[in-house]
Amino acid sequence: HTQPADPSPLSEPPRPPPYITMAMTGITVPDEVAAKFTDFKLKRTDYMAMFFKIEGDEVVEDESLHVPKSADYDAILEKLDESTPRYLVVDFNYETTDGRPADKIIFIAWIPDTCKIKDKMKYSGETTPRSSEATTQYSIHFRQCSHY
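Residues numbered from 1 in each chain as written. Predicted model: local features only at pLDDT ≥ 70, side-chain atom pairs only at ≥ 80, totals over all residues. Heavy atoms only, no water.

*Asks:* Requested: an account of the overall build of the protein, with residues and values cited.
*Replies:* Helix and strand content of the protein: three helices and eight strands. If you list the helices and strands of the protein from N to C, you get β-β-α-β-β-β-α-β-β-α-β. Here the protein holds 148 residues, and the buried ones make up 35% of them. Considering only contacts in the protein between residues 6 or more positions apart, those separated by 24 or more positions represent 55%. (Helix = DSSP H or I, 4+ residues; strand = E, 2+ residues; numbered from the N terminus. Buried < 20%, exposed > 50% of the residue type's maximum accessible area, 1.4 Å probe, protein only. Contact = heavy atoms within 4.5 Å.)

Following this line, the structure appears as structure tokens:
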């Protein structure tokens with residue numbers, strides 16, 4: 001009767017992949033993008049809305065479109081291009097029926113009808129975050145500004 005060998009003290013436990021893969025499309029979300037989202041969710045950024053785009057096979061931040069906390073929600077609409085899809089997360093502040101301030105993080109897939117078919121397919125393949133780091137309470141899919 002032999003005992004199994006003790007595991008080497010130098011062996012490491014298995015690690016999760018260094019990125020999140022969006023299930024339907026194979027598009028990856030690098031760790032640094034997931035970390036930025038976590039900072040946003042924990043209110044460690046100066047933004048009311050953060051924008052993301054797909055470049056190649058990765059989701060990347062589109063920092064040029066981020067909306068500061070000092071802006072109003074119309075500033076988000078001004079950033080949406082009628083021919084360019086984007087993912088965005090919005091920190092939506094509101095007041096409850098009993099007068100308490102509250103907020104929700106909302107994930108929005110902006111996929112306008114007028115964007116290129118290839119882009120529409122790429123962005124439509126995954127319209128909700130798929131990891132514990134990237135979960136939001138609400139997901140919305142918009143195709144036209146008139147939906148607002």
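*Asks:* Tell me what's going on with the side chain of Lys 53, and back it up with residues and numbers.
*Replies:* With respect to the helices, strands and loops of the structure, Lys 53 is situated in strand E3 (residues 47-55). One polar contact links Lys 53 to Glu 55, side chain to side chain, over a distance of 3.3 Å. Ignoring anything within four residues of it in the chain, the contact list for Lys 53 reads Glu 58, Val 59, Val 60, Glu 61, Asp 62, Arg 86 and Tyr 123. (Polar contact = N/O pair within 3.5 Å; in protein donor to acceptor, adjacent residues only side chain to side chain.)

*Asks:* Residues and numbers for the pairing of strand E6 (residues 86-95), please.
*Replies:* With four bridges connecting them, E3 and E6 associate as antiparallel partners. The partner of Ala 49 across the bridge, within E6, is Val 90. Counted along the chain from E6 to the antiparallel partner strand E7 (residues 101-110), the turn is five residues long, and its residue Gly 99 has a positive phi close to 90°. (Pairing = 2+ DSSP bridges.)

*Asks:* Account for the nonpolar core, with residues named and values stated.
*Replies:* Ranked by internal contacts, the top residues of the largest apolar core, which has 17 residues, are Phe 52, Ile 54, Val 59, Tyr 87 and Val 89. Of all the secondary structure elements, the ones that give two or more residues to this core are helix H1 (31-41), E3, E6 and E7. Residues Phe 51, Val 67, Ile 76 and Ile 106 belong to the second largest nonpolar core, which totals 13 residues. (Core = buried A, V, L, I, M, F, W, Y, C linked by side-chain atoms within 4.5 Å.)

*Asks:* Describe the pattern of salt bridges, naming the residues involved and giving the relevant values.
*Replies:* Summed over all chains, the structure comprises seven salt bridges. Residues Asp 103 and Lys 43 are paired through a salt bridge, measuring 2.8 Å at the closest nitrogen-oxygen approach. Of the two residues, Asp 103 is situated in strand E7 and Lys 43 in the loop between H1 and E3; the sequence distance between them amounts to 60 residues. Classification of Asp 103 by relative accessible area gives partly exposed; the value is 30%. Overall, the relative accessible area of 37% leaves Lys 43 in the partly exposed class. Arg 100 is the salt-bridge partner of Asp 98, the closest N and O atoms lying 3.1 Å from each other. (Salt bridge = Lys/Arg side-chain N within 4 Å of Asp/Glu carboxyl O.)

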